[in-house]
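Coordinate inspection notes
These are the residues of each chain, in order.
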Amino acid sequence: MRKEMKSSRRKFIKNMAGTAAALTAGSITSSFTAKSYRRIIGANDTVQMAVIGCNGRGAGMAAIFAKQPLTNVAYMCDVEEKARQKGINEVVKAGKQAPKGENDFRKMLTDKNVDAVYIATPDHWHAPASILSCAAGKHVYCEKPLSHNPREGELAVAAAAKYKRIFQVGTQRRSWKLLSEGIEQLHAGAIGKIYMVKCWYTNNRKSIGIGKQTAVMPGLDYELWQGPAPRKPYQDNLIHYNWHWFWHWGTGEALNNGTHEIDVARWGLGLDYPLTVNSTGGRYFFTDDWQTPDTQLITYQCKEATVLWEGRSCSPYKVQDADRGVLFYGTKGVMLTGHDGYTVFDEKGNVLKEIKSNAVVDGRNTASPNEGLDAVHIDNFLNAIRQNTPVNADVTKGFKSTLWVQLGNIAQRVGHTLHIDQQNGHILQDKEAMKLWGREYEPGWEPKV
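One structure accompanies this document, and this report is about it. Here the structure is a predicted model, which is why all the values come from computation and not from measurement.

1. Structural notes on the packing of aromatic side chains
- Applying the stated criterion across every chain yields a total of 13 aromatic pairs.
- Considering the side-chain rings of Phe105 and Trp125, the 5.4 Å spacing of their centres and the 85 degrees angle between planes classify their relative orientation as edge-to-face. With a gap of 20 residues between them, Phe105 in helix α4 (residues 105-108) and Trp125 in helix α5 (residues 123-135) connect regions that are remote in the sequence.
- The class of Phe105 is buried, set by a relative accessible area of 6%.
- For Trp125, a relative accessible area of 6% corresponds to the buried category.
- Ring centres 4.9 Å apart and planes at 35 degrees place the aromatic pair Tyr300 and Trp404 in the tilted group. Remark: Trp404 occurs in helix α12 (residues 395-414) and Tyr300 occurs in strand β11 (residues 295-301); sequence separation between them is 104 residues.
- On the basis of relative accessible area, Tyr300 is assigned to the buried category, the value being 0%.
- Since its relative accessible area comes to 0%, Trp404 is described here as buried.

2. Description of unusual backbone geometry
- Between Lys144 and the following residue, Pro145, the backbone shows a cis peptide bond with an omega angle of -10 degrees.
- Mapped onto the elements, Pro145 comes out in the loop between β7 (139-142) and α6 (150-162).
- Backbone geometry places Asp321, a non-glycine residue, at a positive phi of 60 degrees.
- The exposure class assigned to Asp321 is exposed, which follows from its relative accessible area of 68%.
- Unusually for a residue other than glycine, Asn388 sits at a positive phi of about 55 degrees.
- Following the sequence through the fold, Asn388 ends up in the loop between α11 (371-387) and α12.
- The exposed category is assigned to Asn388, whose relative accessible area is 66%.

3. Here we look at the environment of Ala161
- Among the structural elements, Ala161 can be located in helix α6.
- Considered as a pair, Ala161 and Thr396 are 235 residues apart in the sequence and their alpha carbons are 9.9 Å apart.

4. Description of the sheet that holds strand β3 (residues 47-52)
- If you trace the 6 strands from one edge of the open sheet to the other, you get β5-β4-β3-β6-β7-β8, paired in parallel fashion. Because the sheet does not close on itself, it has two edges, and the strands there are β5 (100-102) and β8 (167-169). Going from strand to strand, the sheet's axes swing by 20 degrees on average, the running direction of each strand aside.
- Pairing of β3 with strand β4 (residues 71-77), which is carried by 6 bridges, proceeds in the parallel orientation.

5. Some points on helix α7 (residues 177-187)
- Those residues of α7 that sit buried are Leu178, Leu179, Ser180, Gly182, Ile183 and Leu186.
- In this structure, the buried side of α7 is in contact with β9 (194-202), α10 (258-269), β13 (324-330), β14 (333-337), β15 (342-345) and β16 (351-355).
- The first or second residue beyond α7 is Gly189, which carries a positive phi of 95 degrees.

6. Concerning the packing of helix α2 (residues 57-67) against helix α3 (residues 81-93)
- Contact geometry of α2 with α3 gives a least axis separation of 8 Å together with a crossing angle of 30 degrees. As far as their axial angle goes, α3 and α2 are roughly parallel. As α2 packs across α3, the resulting crossing turns out to be right-handed. Of the residues in α3, those touching α2 at Ala59, Ala62, Ala63 and Ala66 are Lys86, Gly87, Glu90 and Val91.
- Per-class residue counts for the contact of α2 with α3 are 5 nonpolar, 1 polar and 2 charged.

7. Overview of the nonpolar core
- Met108, Phe167, Phe328 and Leu418 are the most contacted members of the largest nonpolar core, which has 88 residues in total.
- Excluding its chain neighbours within four sequence positions, the residues that come into contact with Phe167 are Ser130, Cys134, Val140, Cys142, Leu146, Ala156, Ala160, Val391, Ala393, Asp394 and Val395.
- Grouped together as the second largest cluster of nonpolar side chains are 28 residues, Ala62, Phe65, Met76 and Ala120 included.

8. Re the pairing of β4
- With 6 of 7 residues buried, β4 lies mostly within the body of the structure.
- Each parallel crossover has a hand, and for β3 linked through α2 to β4 it is right-handed.
- Two strands pair when backbone bridges link them, and β4 and β5 are joined in this way by 3 bridges, in the parallel orientation. Bridged to Tyr75 within β5 is Lys100.
- The parallel pair β4 and β5 is bridged by α3, and the resulting crossover is right-handed.

9. Digging into α5
- Among the 13 residues in α5, 13 count as buried, and that is most of the element.
- Phi turns positive, to about 85 degrees, at Gly137, one or two residues after α5.

10. Some remarks on the side chain of His260
- Tracing the chain through its elements places His260 in helix α10.
- When sequence neighbours within four positions are dropped, the list of residues in contact with His260 reads Lys144, Gly170, Thr171, Gln172, Arg173 and Arg324.

Here is what the cut-offs are and how they apply
Residues numbered from 1 in each chain as written. Predicted model: local features only at pLDDT ≥ 70, side-chain atom pairs only at ≥ 80, totals over all residues. Heavy atoms only, no water. Phe/Tyr/Trp six-rings, centres within 6.5 Å; stacked < 30°, edge-to-face > 60°. Helix = DSSP H or I, 4+ residues; strand = E, 2+ residues; numbered from the N terminus. Buried < 20%, exposed > 50% of the residue type's maximum accessible area, 1.4 Å probe, protein only. Pairing = 2+ DSSP bridges. Axes fitted to C-alpha atoms, helices over the stretch in contact; angles between N-to-C directions. Contact = heavy atoms within 4.5 Å. Parallel < 35°, antiparallel > 145°, perpendicular 65-115°, else oblique. Left-handed = near helix turned anticlockwise from the far one by under 90°. Nonpolar A, V, L, I, M, F, W, Y, C, P; charged D, E, K, R; others polar. Core = buried A, V, L, I, M, F, W, Y, C linked by side-chain atoms within 4.5 Å. Right-handed = clockwise from strand over helix to strand, strands pointing away.

Quick look at the structure:
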């Protein structure tokens, strides 16, 4: 494996010689600056997009990007041939010209005509791909979670600032009109002083079984799929989706879905960091390779409120007749939200106000996400590029919300309560927990800013 990896790296560097940027296996060293590589975008200019990660979410979002005015999807980048073609086909079905397919997204970064990238890779690639893209002068829309670990999130924030890039995180609820109205109502005191927030996500996932080491699936560049992660043998129950449940590549249900609700909770409370974090749970439903919890309760103690996230990957029983949501408890009533709408109850549970949207999101059961609600977040990103205006879910907001759930996972893994520095979110006086603040990387692939 080591010889093959070194040979692959040498071949890649040789093939890229003479291009606008010199690329190494794990980093990009620029013969250009972000400023010199920047293409000036006007209000009536077409934004040239590249999609990185095309199998599921990426393919669907590529089609939505393609349908936006003055937007062209120029590249579909994926390490798996079928996924790459799937993304290309979605853009064509959207009525647009077929984008160029690229196995290694780093080659695309050398194209100075590309203005921005959309990233929907596995979690372990989110921050490294974002950092490389910022360094290459591209604006970034990265799906949640922002990073695989907190240190990567800090680096992504630093990269956006250093290269002055617009950076949108895929916590799209920040762009939903009616949910935003509900948050404004909270801040105006609609339910009084908020003292507790309950968030939840439920699903009915099946066992992933015990994987077997086999030959890599045809058409997959497994070496590049692993990228920054230390090398592990390929197994048949990992790709395409089950990597979520392995700590080495994924971040569990908490970040896979809980990031959305925790972002809403933090938004409603107006908080940067919790005071303490505790987590209980485990893998209870099946005996298989799944490592992250399928049942998890994360408790956040804040200065004037308690926040609870309940995740049940294998138990679809709903809360408030919804498979996911956020409940804000206040001294004058309760607000139910998390979807694009909200309901306000008085102290006795009577409905005082109910605002519904025609666009209903079901993040689990809908084969393709609701275009309208995804499109508003995309539109916010594209307008920010053209007008140099703030995005609704910038990288700093994304870092803080992602960090909350990462802290929950760290508390789960070390088995005790974490105490949090209110200045930067770091874990106080806990060497064991801080070991999980970052991760080890395959030599030569360490993200740098």
